[in-house]
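# Geometric and topological summary
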Amino acid sequence: MTSIEPSPHPWRVRDVLAVFARCLLGTAFLYMGLNKALHPVEFLKLVRQYEVLQHPLLLNGVAATLPWFEMFCGVLIVLGVAVRGAAAMLLAMLVPFTWVVLLRALAMHEAGGMPFCAIKFDCGCGAGEVLICRKLAENMLLAALSTWLMFRRDHRLALRDRLL
Amino acid sequence: MKNVKRVLLEALLVAALGLAFALGANALSPRGLRLNRNYFPTAAGARNSALPPAKPAQDERGQTTNAPAVANSTGALSAALRRLQEHGLQPMGSNEVVQLFRDPGYEQGLVVFVDARDDAHYQAGHIPGAWQFNHYRAENYLDSVLPICLNAQQAVVYCTGGECEDSEFAAIMLRDAGVPREKLFVYAGGITEWTGNKLPVETGARLSGQLLNPKP
């Protein structure tokens, strides 16, 4: 469905919110992806710190492709192309990433004994050092927006919101 | 159910296209990573070290020169010293590094300092006369730095210090490229300890003549 064509029904509040959500989600991933793509070595070091990926090919593969992939999905979301599929991919990235960030923060909390929300580190999110509670809240918001966009039936101001 | 299936199929399509785009962008980007390269070479040679386990360096009075640094910091530096030992690399303490810096052999190229950080950090300030060797872009530096290290009697590699491991990776890469391990040392305190001791720092390019703290 191409929503640039006249829509069968007038704009509703939810349509406006969905466009706003797409802009927010898309630009957030564009910004974070660009920051990582400009500094791939720094991102590579941060990915390594999670000790999830050991093999160099996997480690390099994630560090080399993830930033560009985030930007790709961000552009699709903003332009309104394959919105549901792109939102699903963003959700698929957000959930495991938030989980490993949480695990690392918990490990730091146990090791250092400092209050959980006072923990601050560069999680590799593309925004530098962040307070963990703020990061988790941000990620949950982005995940909620992704989920909502994923299940919306149609999108306004979208070039081609469904490919299939 | 049909709707969910469509979303999943569309997600797979996005994943395939996105992956192709990402691989292409990484390959075309001048900052792109090489997928098949090990940027963190630690295991190779670590267990086969011909050297005895690395000990903290001592100065001419037999005092352990790493000890103050370790005491000052912290776990990060002692962890670095432990890693050096595991990788068969020789640590060098602050006092010994300063002695080498003031050694006449430094000007003759018999002693070489190697800065393992990236361009921005190197330009912001490095040990005067140090050669840059950013091992993540080894192809840009190895041809010039390797002969210098091979001809030197001692090569001291450093990075930021603390939790920075780049000096270790750079030293391992130099060792793998042929620099005898007996010649290679890692200054674990790094530029942070160096500047903290108010020692001279050169900004800009190597031998730019722009010095901070010129008279230690």
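One structure accompanies this document, and this report is about it. (Residues numbered from 1 in each chain as written. Chains lettered and ligands numbered in written order. Predicted model: local features only at pLDDT ≥ 70, side-chain atom pairs only at ≥ 80, totals over all residues. Heavy atoms only, no water.)

### Some words on the sheet that holds strand E5 (residues 184-187) of chain B
All names here are of chain B. In spatial order, the strands read E1-E5-E4-E2-E3; together these 5 strands make up an open sheet with parallel pairing. Strand pairing shows two members of the sheet lacking a second neighbour, strand E1 (90-92) and strand E3 (131-132), which therefore form its edges. In terms of strand pairing, strand E4 (residues 154-158) meets E5 through 4 bridges, oriented parallel. Residue pairing across strands places Ala155 opposite Leu184, the latter belonging to E5. (Pairing = 2+ DSSP bridges. Helix = DSSP H or I, 4+ residues; strand = E, 2+ residues; numbered from the N terminus.)

### Points about the layout of surface pockets
Residue and element names in this part refer to chain A. The space that makes up the second largest pocket amounts to roughly 630 Å³. For the second largest pocket, the lining is made up of 30 residues, of which Val62, Leu66, Met93, Pro96 and Phe97 are closest to its centre. If you tally residues by element for the lining of the second largest pocket, the top one is helix H4 (residues 83-112), at 7 residues. Within the lining of the second largest pocket, the residues separate by chemical class into 24 nonpolar, 3 polar and 3 charged. (1 Å grid on protein atoms, 1.4 Å probe; cavity = no way out; pocket = protein on both sides within 12 Å on 5 of 7 lines; lining within 4 Å. Points joined across faces, edges and corners; volume = space filled by probe spheres on them. Nonpolar A, V, L, I, M, F, W, Y, C, P; charged D, E, K, R; others polar.)

### Thoughts on the state of the cysteines
Tallied over the entire structure, the rule returns 3 disulfides over all chains. Residue A:Cys117 pairs covalently with A:Cys133 via a disulfide, S to S 1.9 Å. Residues A:Cys117 and A:Cys133 are joined through a disulfide that is left-handed, its torsion about the S-S bond being -80°. On the criterion of sequence distance, the pair formed by A:Cys117 in the loop between H4 and strand E1 (120-122) and A:Cys133 in helix H5 (residues 132-151) is long-range, its members being 16 residues apart. Described in terms of the sequence order of its bonded cysteines, the disulfide pattern of chain A is 1-4, 2-3. Between A:Cys23, a cysteine without a disulfide, and A:Cys73, which holds the nearest cysteine sulfur, the sulfur-to-sulfur distance is 16 Å. In this structure B:Cys149 is a free cysteine whose sulfur lies 15 Å from that of B:Cys159, the closest cysteine sulfur available. We classify B:Cys149 as buried; its relative accessible area is 0%. (Disulfide = S-S within 2.5 Å. Buried < 20%, exposed > 50% of the residue type's maximum accessible area, 1.4 Å probe, protein only.)

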